[in-house]
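Below, each chain spelled out in residue letters.
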Amino acid sequence: MTAYAEVIGDPIAQSKSPAIHRFWIEKLGLDADYRAHRVPEGGLADYLEARRTDLDWRGCNVTMPHKQAIMPLLDRFEPLARQVGAVNTVVREDEALVGRNTDVAGFLEPLGGTLGERHLFRMARVLGTGGAARGIVAGLVREGFTIVLAGRDPAKARALLEELDPDGEHHAVALVHFAEPTEFAFDDRQGCCDLVVNASPLGMRGQPPLAFDWSHAPPGSVAYDIVTDPLQTRFLADAHAAGFATIDGLSMLIGQAAAAFEQFFGAPAPREHDAELRDRLTR
């Protein structure tokens, strides 16, 4: 009997999660496996019913389009997943299926050094209003950011902000607002922390690119794209060309995977091998 976990979504063939978890399993010498399993929309209930009776199954990571749809099918949630309103990790606890969210920790991990500093003001322009954006917004609110949330439907963006931080002074705008150049003169950003985050699937292989003009980013901003395929998106390439620091999607993916790995297999991910893992994932 081999313990296993898996990642579910639709599509799922492009997922790097199996390579990440199998790399750690190999390094630790565990008798375990991690797989990718396509679950189409409408198939979640059947999938979970089958896994409940499989004693080798330790849980699953959840990706598009299921992060919110899976919630009514679970037995309970950790507080953070309930707050975010999205689940990206399901673990078995006795006979219960418990929803958790490791996206928040994974997203914040590569920002740890920056967030450890003191700032006069923190602002993030977050592009996208899906399940991943929910975790990102919730995490940034916890870290004292004012959010400008951009979506195809500004009303949806406003509703998400009011749900996650009803007392915050955040802003909702249309995604197209950032597509055209601006001549806005930014104030002195000395001592401030500015992020621009692509939390949408735009730019992913098979999706149109994200239209963002970097004149909308204050000097010193950090560009962060959660897309992992391709790793070097046009969003990040344009940010780099404009002189901004960048963080790619592998940073978040590895961080959230590490949090899930320990919950699945009971051992910390061997992060001392991160450089080798990145090399393997980008060959």
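Residues numbered from 1 in each chain as written. Predicted model: local features only at pLDDT ≥ 70, side-chain atom pairs only at ≥ 80, totals over all residues. Heavy atoms only, no water.

Colleague: Explanation requested: the nonpolar core in the structure shown.
Modeller: As a rule of thumb, soluble globular proteins bury nonpolar side chains together. Counting 32 residues, the largest nonpolar core has Phe107, Val126, Leu140 and Ile147 as its most contacted members. If you list the elements that add at least two residues to this core, you get α3 (79-84), α4 (103-108), β7 (121-127), α6 (131-142), β8 (146-151), α7 (154-164), β10 (192-198) and β11 (222-225). No other element matches α6, which puts six residues into this core. Ranked by size, the runner-up nonpolar core spans 24 residues in total, among them Ala5, Ile25, Val91 and Ala96. (Core = buried A, V, L, I, M, F, W, Y, C linked by side-chain atoms within 4.5 Å. Buried < 20%, exposed > 50% of the residue type's maximum accessible area, 1.4 Å probe, protein only. Helix = DSSP H or I, 4+ residues; strand = E, 2+ residues; numbered from the N terminus.)

Colleague: Help me understand the sheet that holds β11 in this model?
Modeller: Strands sit in the order β9-β8-β7-β10-β11-β12 across an open sheet of six strands; the sheet is parallel. Only two strands of the sheet have a single partner each, and these edge strands are β9 (171-174) and β12 (245-247). The average angle at which neighbouring strand axes cross in this sheet is 20°, direction not considered. Examined bridge by bridge, β11 and β12 share three bridges and lie parallel to one another. Residue pairing in the sheet places Ala223 in a bridge with Thr246 of β12. Sheet strands in contact with helix α8 (residues 234-241) are β7, β10, β11 and β12, and its direction is about 165° off that of β11. (Pairing = 2+ DSSP bridges. Axes fitted to C-alpha atoms, helices over the stretch in contact; angles between N-to-C directions. Contact = heavy atoms within 4.5 Å.)

Colleague: Hey, could you run me through the pairing of β9 in this one?
Modeller: Across a regular strand the side chains alternate sides, sitting on one face of the sheet and then on the other. By the bridge criterion, four bridges tie β8 to β9 in an arrangement that is parallel. Across the sheet, Ala150 pairs through a bridge with Val173, a residue of β9. Handedness of the crossover joining β8 and β9 through α7 is recorded here as right-handed. (Right-handed = clockwise from strand over helix to strand, strands pointing away.)

Colleague: Sorry, what's going on with the environment of Ala36 here?
Modeller: For Ala36, the location among the structural elements is in strand β2 (residues 32-38). Residue Ala36 is classed as partly exposed on the basis of its relative accessible area, which comes to 40%. Ala36 sits 21 residues away from Ser15 along the chain, and the two C-alpha atoms are 7.5 Å apart. Those residues in contact with Ala36 that lie beyond four places of it in its chain are Val7, Ile12 and Pro18.

Colleague: Teacher, can you tell me more about the packing of aromatic side chains here?
Modeller: To describe a pair of aromatic rings, you give the distance between the ring centres and the angle between the ring planes. This structure, assessed with the given rule, holds twelve aromatic pairs. For the pair Trp24 and Phe261, a centre-to-centre distance of 5.5 Å together with 75° between the ring planes defines the contact as edge-to-face. Within this pair, whereas Trp24 is found in helix α1 (residues 17-28), its partner Phe261 is found in helix α9 (residues 249-265), the two being separated by 237 residues in sequence. Pairing Phe212 with Trp214 gives two aromatic rings, centres 4.7 Å apart and planes at 70°, and the pair type is edge-to-face. You can call Phe212 buried: its relative accessible area is 7%. (Phe/Tyr/Trp six-rings, centres within 6.5 Å; stacked < 30°, edge-to-face > 60°.)

Colleague: Explanation requested: the pairing of strand β1 (residues 3-9) in the structure shown.
Modeller: When you tally the buried positions in β1, you get seven out of seven residues, the bulk of the element. Burial of the side chains of β1 extends over both faces: Ala3, Ala5, Val7 and Gly9 are buried on one face and Tyr4, Glu6 and Ile8 on the other. Assessed by its sense of winding, the connection that carries the chain from β1 through α1 to β2 is right-handed. Where β1 and strand β3 (residues 57-62) come together, five bridges link them in parallel fashion. What sits directly across from Glu6, in β3, is Cys60.

Colleague: Would you mind showing me how to read the sheet that holds strand β4 (residues 76-77) here?
Modeller: Neighbouring strands of a sheet are bound in pairs by backbone hydrogen bonds; such pairs are parallel or else antiparallel. Spatially, the six strands line up as an open sheet ordered β2-β1-β3-β5-β6-β4, and their pairing is mixed. A strand with exactly one partner marks an edge of an open sheet, and here the two such strands are β2 and β4. Both β3 and strand β5 (residues 89-93) contribute to a ladder of three bridges, which runs antiparallel. Of the residues in β5, the one forming a bridge with Cys60 is Val90. Here α1 sits on the sheet and contacts β1, β2 and β3; the angle it forms with β2, its principal contact strand, is near 175°. The sheet contacts of helix α2 (residues 44-52) involve β1, β2, β3, β5 and β6 (96-100), and relative to β1 the element is tilted by about 175°.

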